[in-house]
Amino acid sequence: NIKSSSEGSHDFFPRNDDTPGAPRHLSGAFTEDGTLTMTWAPPAAGTFSGTIEYYVFEFQPVQDTKNATWAYGTATLNTTTLLVDGSSTSKNVKAGYLFPFKDYHIRAATLLEDETNHGLFSEKILVQHPFSVPSGQPQNVQVTQPSDDPFSYPPSATQLIVTWESSANLWVNNTPIQGFEITATANYQTTPIVEVHAAKWHEDDPEIGSFSSGLTRLQPNTEYKIVVCALGKGGKSEPSLTVTGKTREYFPSQAPSNVSLLERNTNNITLVWQPMSRNHLKSNGEIIGYSIHKVSTGDIDCVGVRCGSVSQCQVEPQCEFGECIYGNQPNGTLCDDGNPETEHDQCMDGVCIGIHTGKHTQRVELSRTMVMNTRSSGAGYMPLLEEYWFPLWSGSWIYRWDKSGNYIQRFTAGGSSNSIRQLWGEVNTTFYYVARWSNRLCAKLGPYPTSTVHWTFSPPGSSSVGGVSADEHYVYCMETNSPHIYVLDKDNGQQVKVVTLNGGVVGTLNGALAVIKDKIYYGTGNMFYRYNLDDGEFDGFSFQVATSISNMFFTGNEICLSSGGSNIYCYRVLQENMWKPFDQPKFLDNVEQVRTLSFSTRGIGGGYCPWLKEYWYPWWSGSWIYRHLLDGTYTVRFRSVGSRSSNRQLWADTHQHYYLASARNIIKARWPRNQQVWSYTLPTTAGGVSSEGTNVYAMTLSGPSVYVLHTSNGQLIKTITLDAGNGGDPFNSMNGGMFVVMNKLYRGDSSSRRTVYRYDLSTGEYDGFQFSTSVSISNLAFDGRDACVSSGASAIRCYQILSHNIYDSPSHATAQLIEGSQLLNNEMNEVLSQQLPSNFFKKCFSGVLHGFSPSTFHSRCDNKGPTVTVARVSSGSGTGRVIGGYSPISWTTTTGYHRAHNAFLFKFDNNQFERTDQTLTRPQNAVYHRSNYCPTFGGGFDFYIQSTCRRASTNSHSYRGIGYSSSWLAGASNFDLDAVEVFYMTDESYDPCRDVHCPPSDCRPDNHCVLGNCVATFRPDSFPCNDGDNSTAFDACFAGFCIGKKHYTSTSSYILQDLDAGRTYAIQVRAHTAIGGGPLSNGMKIKTIEKPPSQPPQNIVAEPTSSNSIMLFWDAPAPAMQNGPVRGYEVYINSQTPAVKRGNFMSVPITLLQPFTEYNFSVKAFNGAGLSPMSSLVSVRTGEDLPENPTQVQAEIIIESEGEALHVHWSSPLRPNGIILHYTVYYQEVGGHWKMENTTDNDRSLTIENLSPFTSYLVRVSAWTSAGEGVPSRTIVPKTGEGVPRSAPSNLKATSLSQTSIEVSYDPPTTNEGIITSYTIYSKP
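Residues numbered from 1 in each chain as written. Predicted model: local features only at pLDDT ≥ 70, side-chain atom pairs only at ≥ 80, totals over all residues. Heavy atoms only, no water.

So, on to the sheet that holds strand β58 (residues 744–748). Judged by pairing direction, the sheet is antiparallel, and its 4 strands sit side by side in the order β57-β58-β59-β60 without closing on themselves. The open sheet terminates on both sides in strands that have one partner only, identified here as β57 (738–741) and β60 (765–772). Averaged over neighbouring strand pairs, the angle between their axes works out to 20 degrees when direction is ignored. In this sheet, β58 lies alongside β57 in antiparallel orientation, the contact comprising 4 bridges. Looking across to β58, one finds that Val-740 is bridged to Leu-745. (Pairing = 2+ DSSP bridges. Helix = DSSP H or I, 4+ residues; strand = E, 2+ residues; numbered from the N terminus. Axes fitted to C-alpha atoms, helices over the stretch in contact; angles between N-to-C directions.)

Okay, here's the thing in structure tokens:
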């Protein structure tokens, strides 16, 4: 074991070159127990003089520069020195003196008496540790399963924990053990799994060493035989006694095989598959059952159908019987709503919704003040806890205050935490960051209540650190008097980049740094400057604060600061709080009239269109619907679907559909095509309609029944009978006075009761709430917040039902602390509430409700604590302005001024809020009390509401502010008021969680309210749970919800029932252990046997296209009723043999029909199995055509007309081809020109006058319809009668024949009025 070293000697101790030589023949060897035995001879004679007192031995461990050893790695070990008596020539060095299992270089020197320096060292020798096999065997071997991790599932099933001990004769400080070998062998394995566990001995170890190691890469649900051996340089020890251990069960890693079809019919499919036993290698446990998964696949109807693209919150659609079926992503899935002003976007019911975080304000003024002990310098805000934290400057204490300004307690911060200049809390955790002034560093601490320091960062400059801030990405650390902001990684504090401020003013930074969205707010002195976060450029915006800045904190929308004392000034820099989520609308417990509108409501019926934000009012006696803007302005009208009249209510959903309660029908129409989707007939006259979600709610004119219909097809789902309880609802006639919101149904009838009752749709019971209206209800329009009613006239009164509009896009809703104001709108209420203590205020006085009287005001509001007065100006330039004041002390009737430091005046000028400063010039005159005064503020007075409570005046005596003067409040110093309200502060503080219930569940064991939202800890997916449905099995958590399998069995076969006939299903089977389900089997497609469609075609519509053709339209039967791909349709005329057989189209022209003839049409659908039932009949009449000729035309002479008239009469055409509008009679003398005369309406006779007597005429008659003039009748030739001659005989001559006779001669008359029967000759002498 002794080898000579070729290395030269090296001095480890001082030596004397003149005294003695080195010891000779140095040798050494290790024994089995680790002892080093050395021998040597004294120096040669003549190489020393004197007595040898000691031999100096140096033991240098050999450094292995290539291979790490099991015990020492690559560490460099120290050299050991030993003095041995000079009379000795041998030495046994015990094992505890040297490092175990190390080879050594050894050398020796001689030290004489009375000498301080030794002589020459001998040459080094190398002594190597012997190779050996550890004796004995590991003992007390035990095997356990790994402990469960509550935050993961399933528990580990591929690992076992092995523990053992090494006995005293093995585990000592010079042990030969380098490590241990653990061998695990399963029954089915020939090759064992081997793990090697390295061992390292320490002097502090007990005499018996205990070890533990994890065996990995094991098979689930498998028993292993396990032994442990010790490993030494020479080999392995005897193995331990064999022990056994079994891994946990796990999900099956293989799907069931040989899934096949056993039988099928029209509605059932029977499946079988190869059962899986627990002995199957990949079963991974006892198979407790199987779940069967079915999905409808594309059928023949889907050929050529292309489903539209899905949104980011929907899954890929599937086509079923030609219909695209869209599913939603799990709620909580991250998305992007496309709005840069929202954050934390998540999918909710298929829609991406972000939280509106507000905009930077462009006008910053004092928004509120608080009083808290800020402990001099340094401050911070913890968003998750909603607490203000103030560190003690000269110590490590941090003082906690709640959001109402109440002290909670103090705690000690970690590290050297004095001189904290600023503190910044994380939004969703209780980690926080501090800027330490004197230590010149930023640090990350927490999570509270712990104070662990996770990292620190020291800027490279020489200045003290003055500020720290953080956003969702980085931490920002800044020195005072330096423009550089160091951007740090939140996890490790490493510098990412530097942003340098450019412009503005950089000065002393006393904790006034805030990174807010895309801006940096930097405060120095009494000014704040705003910079762009991306480039550090000053954006030109700054504002002055009320005091010098010694500390600052940011609350999510306000920067709050102080000069180190107790007065804190807050300035709103964001319009909305960026850290608070959207609140759902809440029902108001006190419903009052909030506004009025004035326009014609057209009698009965009304509604609201949310997607256009318009009021729609149907004309009761016609089919027109009139559209009005929100301010009542009329825009346009349109015809209701199907031109229906007598519409008692109109309701529009948010998906561009509207519903009519018309006659006995509920009709759904699609906008803007104005096309009917479906119609449902009620038992009696419809009284109202509303919709919410997938349900449509309809009621009849009277009675308690609510008919619940499905929005997609109008099918009746169920009927709810409302229970009036003790509410007193008589269920009299209702003219559209109903609406449904948030599962509540409001109902008001048209009787003189003027009351609206509220019902819970879950139970149908009256829930105890009702409110009165000032008019009887003839129509109602619910606009998402207000119910607007009228008696059918132009005066519309709106009553606020919800806290805010349910149709509005999600955004943060700030608390509205003032309840029941008729003067403050929601926005005003929110803004003013920010100035008030965090308690609710209730109305004690209203001039409109209680009378404008000081005595009434004092009797209702005195001694009630802090109050808010709100009034509205009704004269001068400030008409319509809302003004008021806050008094922190009670009103009394004791005459005199009273001190109040926190009182203020305010105004809303065009909805722009302004208030006076927190500091009054004369706080002792803040308010004035007197029995015959209404609320009065300030000395002189700043705001004096006089004894009538309707007249007021202002001054500028005790309050102050920017631009404050005697006309600041109302635009003039004397003015009238038309409304005054006073509200007193209650003991109920605002808590966003007060109405929020967060029940825990199997999959959400920890569910609690944070900032008004339920924040839950989800169980891991696949964690077993109970969905409460006894019809399901293998319930497991998914995305925080417990979902069970509807189709399951414990055998290797299953019958899928209640399937749709003629539909193709993709079917898969999954095996389950107690841990959960394994992979799905390969999908197999099976189609149920077709049967004839069980529903006829729907919505048959027939429209005439000409006098001998119509166009017929219809919709296919509902997909679930088709029972197989519809191949075509048969059209029947008057229920006879089908006139048309078509392919799979849903419209057809019908030609060769008779004009103006009523036909009854019906349609049947057919698939491969046969025909559907006959559809309902639809009647239609063809269009009008030209009529045929009139018949039996005759003409008669009118005797009394002296031959100048004919009376013509006739019979109707055999085929009029429409409604005869009138007839035209044509006539002419033979050889003359045609003349015509028209009858009145459809009279069938006409007298033609002023004709020539004794003349033949040609006469014929034609008929007219809306299509035009028909063919004329046959021509008749009547002749007028004889008349009196109209001309005298001509050429009269008289010739004397004798004395007594004269011959008279003449020609006949020139006109022919008939046959001349005689002449009369007149003569006189």
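Picking up after the structure, the text goes on.
A few words now on the pattern of salt bridges. Across all of its chains, the model carries 27 salt bridges by this definition. Asp-539 is paired through a salt bridge with Arg-530; the nearest N and O atoms lie 2.7 Å apart. On the basis of relative accessibility, which here comes to 4%, the residue Arg-530 falls in the buried class. As a salt-bridge pair, Arg-872 and Asp-978 come within 3.1 Å of each other at their nearest N and O atoms. Here Arg-872, found in strand β65 (residues 867–873), pairs with Asp-978, found in strand β74 (residues 974–989); they are 106 residues apart in sequence, far enough to count as distant. Several salt bridges converge on common partners, so that one network encompasses Arg-595, Asp-783, Arg-785 and Asp-786. (Salt bridge = Lys/Arg side-chain N within 4 Å of Asp/Glu carboxyl O. Buried < 20%, exposed > 50% of the residue type's maximum accessible area, 1.4 Å probe, protein only.)

Inspection of the entire model under this criterion finds 7 disulfides. Linked covalently through their sulfurs, Cys-442 and Cys-477 form a disulfide whose S-S length is 2.0 Å. Disulfide Cys-442-Cys-477: the torsion about the S-S bond is 85 degrees, which places it as right-handed. Separated by 35 residues along the polypeptide, Cys-442 in strand β31 (residues 441–445) and Cys-477 in strand β34 (residues 474–479) bring together distant segments of the chain. The exposure classification of Cys-442 matches that of Cys-477, with both residues buried. (Disulfide = S-S within 2.5 Å.)

This brings us to the pairing of strand β50 (residues 657–662). Burial of β50 is extensive: 6 of the 6 residues sit out of reach of the surface. Both faces of β50 are covered, namely the face carrying His-657, Tyr-659 and Ala-661 and the face carrying Tyr-658, Leu-660 and Ser-662. Note that strand β49 (residues 647–652) and β50 share 5 bridges and pair antiparallel. Looking at the pairing, Asn-647 lines up with Ser-662 of β50. Between β49 and β50, which pair antiparallel and follow one another directly, the connecting turn spans 4 residues, one of which, Gln-656, has a positive phi of 65 degrees.

Attention now moves to a nonpolar patch on the surface. Judged by side-chain polarity, Leu-1292, Ile-1302, Val-1304 and Ile-1321 come together as a nonpolar surface patch covering roughly 400 Å² of accessible area. Along the chain, the position of Leu-1292 falls in strand β99 (residues 1289–1296). (Patch = residues over 30% accessible without salt bridge, like charges linked within 9 Å, V, L, I, M, F, W, Y side chains within 5 Å. Areas by Shrake-Rupley, 256 points an atom, 1.4 Å probe, with all protein chains shown as cover.)

In this section: the side chain of Asn-510. Its location among the elements puts Asn-510 in the loop between β36 (495–500) and β37 (513–516). A residue is classified by how much of its surface remains accessible, and Asn-510, at 17% relative accessible area, is buried. Here Ile-549 takes part through its backbone oxygen, which lies 3.4 Å from a polar atom of the side chain of Asn-510. The contacts of Asn-510, once residues within four sequence positions are left out, are Arg-421, Trp-437, Gly-466, Ile-549, Ser-550 and Asn-551. (Polar contact = N/O pair within 3.5 Å; in protein donor to acceptor, adjacent residues only side chain to side chain. Contact = heavy atoms within 4.5 Å.)

This model, assessed by the stated rule, comprises 67 aromatic pairs. Clustering of aromatic rings is evident, with ring pairs tying together Phe-587, Trp-651, Phe-739, Tyr-746 and Phe-782. Over the aromatic face of Tyr-399 sits the side chain of Arg-375, whose NZ or CZ is 3.7 Å from the ring centroid. (Phe/Tyr/Trp six-rings, centres within 6.5 Å; stacked < 30°, edge-to-face > 60°. Lys NZ or Arg CZ within 6 Å of the ring centre and 35° of its normal.)

By size, the foremost hydrophobic cluster in this structure holds 61 residues, and its most contacted members are Ile-516, Ile-520, Phe-528, Phe-543, Phe-553, Phe-554 and Ile-559. Leaving out residues up to four positions away in the same chain, Phe-553 has contacts with Met-370, Ala-379, Gly-380, Tyr-381, Tyr-388, Phe-390, Glu-558, Ile-559, Cys-560 and Ile-568. (Core = buried A, V, L, I, M, F, W, Y, C linked by side-chain atoms within 4.5 Å.)

With an omega of 0 degrees, the peptide bond between Gly-446 and Pro-447 qualifies as cis. Of note, the phi angle at Asn-140 is positive, near 55 degrees, even though the residue is not glycine. You can see Asn-140 is positioned in strand β9 (residues 139–144). Within the chain, Ser-643 stands out as a residue other than glycine whose phi angle is a positive 50 degrees. Examined against the element boundaries, Ser-643 turns out to sit in the loop between β48 (634–639) and β49.

Moving on to the sheet that holds strand β96 (residues 1245–1248). Read across the sheet, 3 strands follow the order β92-β93-β96 without closing on themselves; strand pairing throughout is antiparallel. Each of the sheet's edge strands pairs with one partner strand only, and the pair in question is β92 (1191–1197) and β96. Neighbour-to-neighbour, the strand axes of the sheet open up by a mean angle of 15 degrees, direction not taken into account. Summarising the sheet, β92 and strand β93 (residues 1206–1211) pair through 5 bridges and their orientation is antiparallel.

Geometric descriptors of this kind do not, in isolation, establish any biological role.
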